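Residues per chain are reported as follows:
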Amino acid sequence: DGGITQSPKYLFRKEGQNVTLSCEQNLNHDAMYWYRQDPGQGLRLIYYSQIVNDFQKGDIAEGYSVSREKKESFPLTVTSAQKNPTAFYLCASSTPRQGVYEQYFGPGTRLTVT
Amino acid sequence: GQSLEQPSEVTAVEGAIVQINCTYQTSGFYGLSWYQQHDGGAPTFLSYNALDGLEETGRFSSFLSRSDSYGYLLLQELQMKDSASYFCAVRQTMDTGRRALTFGSGTRLQVQP
């Protein structure tokens, strides 16, 4: 079955530690995205990548970093510079055929930093 | 910048019809998408409008008026499972350089028996 996997589902870290969230897709999609969602809020774009070895900052990139070395993988690192890292993180992908308007989302990772 | 406005909450009864509105302000508007998200779950794509008018997909329909910078999602024959949050999202034109959606803050729909 094709889809997007994010692991782990729940992640706990101490303040001051960097943490990397995994996102893998086997849909053969070119574009991948990272969003942050806070309780009762919409999705805010952190980073996105249209092709391998290329990515662009979204609306709230500060304190985050990404890499896109493989088409299937788009890991997100939440650095210690991110002031309020506790949130629900969603990864998504899309194909050029649908453009960006139809995105497929992974199940999300809920990060708690104390 | 861009901004999207949706009502924060809507309540309706099973079997009824509900309309969720979305107004947007953005440069280089190309189209409007709608997504559904159940509590704790991932958003799923519902519909997309790039042209004015109504698009129907089963019980769900989506409408766009480009001249009014306005769209809505219409849910008919409401079922309890439709209780979820609904997000509109703007797609911009290629010349803006943005190859990603901008999401609204969402409308929480509660369907009552």
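In what follows, the structure referred to is the one given above.
All values reported here derive from a predicted model rather than from experimental measurement. (Residues numbered from 1 in each chain as written. Chains lettered and ligands numbered in written order. Predicted model: local features only at pLDDT ≥ 70, side-chain atom pairs only at ≥ 80, totals over all residues. Heavy atoms only, no water.)

J.: What's the story with the sheet that holds strand β1 (residues 4–7) of chain A in this structure? I'm lost.
T.: Across a sheet, strands are paired by hydrogen bonds formed along the backbone, either parallel or antiparallel in direction. Residue and element names in this part refer to chain A. Reading across from one edge, β1-β3-β8-β7 is the order of the 4 strands in this open sheet, with antiparallel pairing throughout. At either end of the open sheet lies a strand with only one pairing partner, and these are β1 and β7 (64–66). For this sheet, the mean inter-axis angle between neighbouring strands, taken without regard to orientation, is 20°. (Pairing = 2+ DSSP bridges. Helix = DSSP H or I, 4+ residues; strand = E, 2+ residues; numbered from the N terminus. Axes fitted to C-alpha atoms, helices over the stretch in contact; angles between N-to-C directions.)

J.: Hey, could you run me through the state of the cysteines in this one?
T.: Each disulfide consists of one covalent bond between the sulfur atoms belonging to two cysteines. Scanning all chains against the criterion turns up 2 disulfides over all chains. Each disulfide pairs two cysteine sulfurs, and for Cys23 of chain A the partner residue is Cys91 of chain A, the sulfurs being separated by 1.9 Å. Around the S-S axis, the bridge from Cys23 of chain A to Cys91 of chain A shows a dihedral of about -70° and counts as left-handed. With Cys23 of chain A in strand β3 (residues 19–25) and Cys91 of chain A in strand β9 (residues 87–94), this residue pair connects regions lying 68 residues apart in the sequence. Since its relative accessible area comes to 0%, Cys91 of chain A is described here as buried. A sulfur-sulfur distance of 2.1 Å marks the disulfide that ties Cys22 of chain B to Cys88 of chain B. Here the S-S torsion is close to 75°, and the disulfide linking Cys22 of chain B with Cys88 of chain B is therefore right-handed. Here Cys22 of chain B is found in strand β3 (residues 18–25), whereas its partner Cys88 of chain B is found in strand β9 (residues 84–92), with 66 residues between them in sequence. Per residue, the accessibility class of Cys22 of chain B equals that of Cys88 of chain B, and both read buried. (Disulfide = S-S within 2.5 Å. Buried < 20%, exposed > 50% of the residue type's maximum accessible area, 1.4 Å probe, protein only.)

J.: What exactly am I supposed to notice about the packing of aromatic side chains here?
T.: Each aromatic ring pair is described using two quantities: the centre-to-centre distance and the angle formed by the ring planes. Taken as a whole and judged by the stated rule, the model has 16 aromatic pairs over all chains. Between the aromatic rings of Tyr33 of chain A and Tyr48 of chain A, the centroid separation amounts to 6.3 Å while the plane-to-plane angle is 20°, which identifies the pairing as stacked. Of this pair, Tyr33 of chain A sits in strand β4 (residues 31–37) while Tyr48 of chain A is found in strand β5 (residues 43–49), placing the two residues 15 residues apart along the sequence. By relative accessible area, which is 4% here, Tyr48 of chain A ends up buried. By the ring-pair criterion, three or more aromatic residues cluster together here, those being Tyr33, Tyr35, Tyr48, Tyr101 and Phe105 of chain A together with Tyr35, Phe45, Tyr48 and Phe103 of chain B. Residue placement shows Arg68 of chain A over the ring face of Phe74 of chain A; its charged tip is 6.0 Å from the ring centre. The lysine or arginine in question, Arg110 of chain A, covers the ring of Phe88 of chain A, its NZ or CZ lying 4.3 Å from the ring centre. (Phe/Tyr/Trp six-rings, centres within 6.5 Å; stacked < 30°, edge-to-face > 60°. Lys NZ or Arg CZ within 6 Å of the ring centre and 35° of its normal.)

J.: Mind showing me how you'd approach the pattern of salt bridges here?
T.: Pairing between side chains becomes possible if they bear opposite charge and their charged atoms approach one another. A complete count under the given rule lists 6 salt bridges over all chains for this structure. Here Asp38 of chain A ties to Arg36 of chain A by a salt bridge, and the two come within 3.0 Å at their closest N and O atoms. In this pair, the class of Asp38 of chain A matches that of Arg36 of chain A, namely buried. Here Arg108 of chain B makes a salt bridge to Asp39 of chain B, at a shortest N to O gap of 2.8 Å. Note that Arg108 of chain B is positioned in strand β11 (residues 107–112) and Asp39 of chain B in the loop between β4 (29–37) and β5 (44–49), a separation of 69 residues in sequence. On the accessibility criterion, Arg108 of chain B (40% relative accessible area) is partly exposed. Beyond isolated ion pairs, a larger network of salt bridges with shared partners links Arg36, Asp38 and Arg44 of chain A. (Salt bridge = Lys/Arg side-chain N within 4 Å of Asp/Glu carboxyl O.)

J.: What is the right way to look at the sheet that holds strand β8 (residues 70–75) of chain B in this model?
T.: All names here are of chain B. Strand order across the open sheet formed by 5 strands is β1-β3-β8-β7-β6, with antiparallel pairing between neighbours. Because the sheet does not close on itself, it has two edges, and the strands there are β1 (3–5) and β6 (53–57). Across the sheet, the mean angle from the axis of one strand to that of its neighbour is 15°, orientation sign disregarded. Strand direction decides the pairing type here: β1 and β3, joined by 3 bridges, are antiparallel. The partner of Ser3 across the bridge, within β3, is Gln25.

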